[in-house]
Amino acid sequence: MIELRDIAVRQGAFNLARVTLRVEAGAHAVVMGPTGCGKTTLLEVIAGLRDPVSGRVLLHGVDVTDVDPAARRVGYVPQEAAVFRTMTVRANLAFGLAIRRRDSAAAVAVLAERLKLTHLLDRRSVGLSGGEAQRVALGRALAFGPCVLLLDEPFNAADAATRADLIALLKDERERRALTVLHVTHDRSDAAGADVVLDNLFGASGG
Amino acid sequence: MSVRGFHLTLGLIGGGYVALVAAMLLADLLATSPGHLLDAFRAPEIRAALALSLVSSAVTTVLAVATGVPLGYLLARSRFPGRGLVELLVDVPLVLPPLVVGVSLLLVMRGPFGRAVQDVIPLVYEPAGVVLAQFAVCGAFATRSLRATFAQLSPRTEQVARTLGCSPWQAFRLVTLPEASRGILAAATLTWARAFGEFGPVLVFAGVTRSKTEVLPTTIYLELSVGHLETALAVSLVMVAVAFAVLLTLRRIAPETPA
């Protein structure tokens, strides 16, 4: 479950005021909003990468507002994918497990298969196509078993077929791991597969 | 205008500078002789100066990069009070005349802090002082270059690493530092080149004691001051040759075009 209570963020001239939201455990929610309205900022607050000036962040009922991002168990897929380009695709996928000194071979093999990345596993991550990079970023965020998955425009670089695959994969992962997914986008067609669409979250803030 | 014509025009404008550098080197070559070059290589004090030049500029490079990485990272990524002032201070060695850097270092060493340091590591007119004099200037070059390196890297990968379970140190070491490696090597190259040719602060702070604090730029100065133009030029060419060798090696390690 993801719960935001009265979150406010100030960032230079940009203000995000009093955002409240609740996504039930195991649900897939889509937050719609135009570019520049603060969608990415909202994800950063949930992941612990940006401190809100006020308000609380709760994940599965636990107040994590002051918890380090490393301890939140949040899988984060940024819009620009941000793959670790000095590493192989395999090392990217294994990263979250490796840092916890857990064995990654099985989890990486399964995810690579599902994300159609098996043939790329030993390639360095520079020069991946946009869609491949997005899939690597998604696999990297899923591999360590997060309880919450945050996606920032994740299907931007995907063609129609890949998009359907990714949506099916997300649905499956949600059901298997009781994963809660929050996904932000400006594109209404991306909301397919979501069970909650939050449309006017930023309406009042005018940001 | 075609792309060819466009590039030709750019080449003509930029080529003037390349021609100037080539002309200077050629003039140096013509003004000395192979005999002088051989003599320069044989002279024990010049060999000692070459050794000290290589060692001191290598140590300076390590020190400058070791301080430039944290400083450059902070200046690029962190917003802290007094950041503007720090930025300004770091640029001071770039605008200060080199001689003034040397004089300022001497003055620092006259103070209580400087005397305490001197008791542990003698610096003034000592070989270790060569390193400090080079470092005082080169630290600014390294920091500037590294700041640009970190500013060009998106902080996003480091943030993702944090969400994946990294402490700030782990994220820096495992993700940001490898991404910055090319920039760090470029900064090291720039710093080394500058340290190798550094003269003003070394002259004032470490002095010109033959075979003790003498580096190649000092040798050139000493030879010129007694009218040995040919020897001075021979030493200059030795410097150019050594610098070429080092810079080419570094370029090999880090090709400019990404693999």
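Below is a short write-up of the structure. (Residues numbered from 1 in each chain as written. Chains lettered and ligands numbered in written order. Predicted model: local features only at pLDDT ≥ 70, side-chain atom pairs only at ≥ 80, totals over all residues. Heavy atoms only, no water.)

### With respect to the overall build of chain A
Stage number 1. Within chain A, the regular secondary structure consists of 5 helices and 9 strands.
Stage number 2. Reading the helices (α) and strands (β) of chain A from amino to carboxyl end gives β-β-β-α-β-β-β-α-α-α-β-α-β-β.
Stage number 3. In summary, chain A has a C-alpha radius of gyration of 16 Å against a globular reference of 17 Å for 207 residues, a match within 12%.
Stage number 4. Classification of the 207 residues of chain A by burial places 55% in the buried group.
Stage number 5. A fraction of 72% describes how many contacts in chain A between residues 6 or more apart in sequence connect residues 24 or more apart. (Helix = DSSP H or I, 4+ residues; strand = E, 2+ residues; numbered from the N terminus. Rg over C-alpha atoms; globule rule 2.2 N^0.38 Å. Buried < 20%, exposed > 50% of the residue type's maximum accessible area, 1.4 Å probe, protein only. Contact = heavy atoms within 4.5 Å.)

### What about the overall build of chain B?
Stage number 1. Check the secondary structure of chain B and you find 13 helices and 0 strands.
Stage number 2. The linear arrangement of helices and strands in chain B, starting from the amino end, is α-α-α-α-α-α-α-α-α-α-α-α-α.
Stage number 3. C-alpha atoms of chain B, sized along the principal axes, occupy 65 × 65 × 30 Å.
Stage number 4. Within chain B, buried positions represent 41% of all 259 residues.
Stage number 5. Partitioning the intrachain contacts of chain B with sequence separation of at least 6 by distance along the chain shows that 74% fall at a separation of at least 24.
Stage number 6. Counting every atom, chain B has about 13,900 Å² of accessible surface; 72% of that belongs to carbon and sulfur. (Areas by Shrake-Rupley, 256 points an atom, 1.4 Å probe, with all protein chains shown as cover.)

### Observations regarding the packing of helix 12 (residues 216-225) of chain B against helix 13 (residues 229-253) of chain B
All names here are of chain B.
Stage number 1. It is at 8 Å that the axes of helix 12 and helix 13 come closest, and there the two elements cross at 165°. When the interaxial angle is binned, helix 12 and helix 13 end up roughly antiparallel. Once helix 12 is placed against helix 13, the crossing between them reads as left-handed. Contacts from Leu-216, Pro-217, Thr-219, Ile-220, Glu-223 and Leu-224 in helix 12 reach Leu-229, Thr-231, Ala-232, Val-235, Ser-236 and Met-239 in helix 13. (Axes fitted to C-alpha atoms, helices over the stretch in contact; angles between N-to-C directions. Parallel < 35°, antiparallel > 145°, perpendicular 65-115°, else oblique. Left-handed = near helix turned anticlockwise from the far one by under 90°.)

### Examining the sheet that holds strand 8 (residues 180-185) of chain A
Residue and element names in this part refer to chain A.
Stage number 1. Strand order in this open sheet of 5 strands is 6-7-8-3-9, and the pairing throughout is parallel. Two strands lie at the open edges of the sheet, namely strand 6 (74-77) and strand 9 (196-198), each paired on one side alone. Between one strand axis and the next, the sheet turns through 15° on average, direction left out of account.
Stage number 2. With 5 bridges joining them, strand 7 (residues 148-152) and strand 8 adopt parallel strand pairing. Note that in strand 8 the partner of Val-148 across the bridge is Thr-180.
Stage number 3. Here helix 4 (residues 130-143) sits on the sheet in contact with strand 6 and strand 7, set at roughly 175° to strand 6. (Pairing = 2+ DSSP bridges.)

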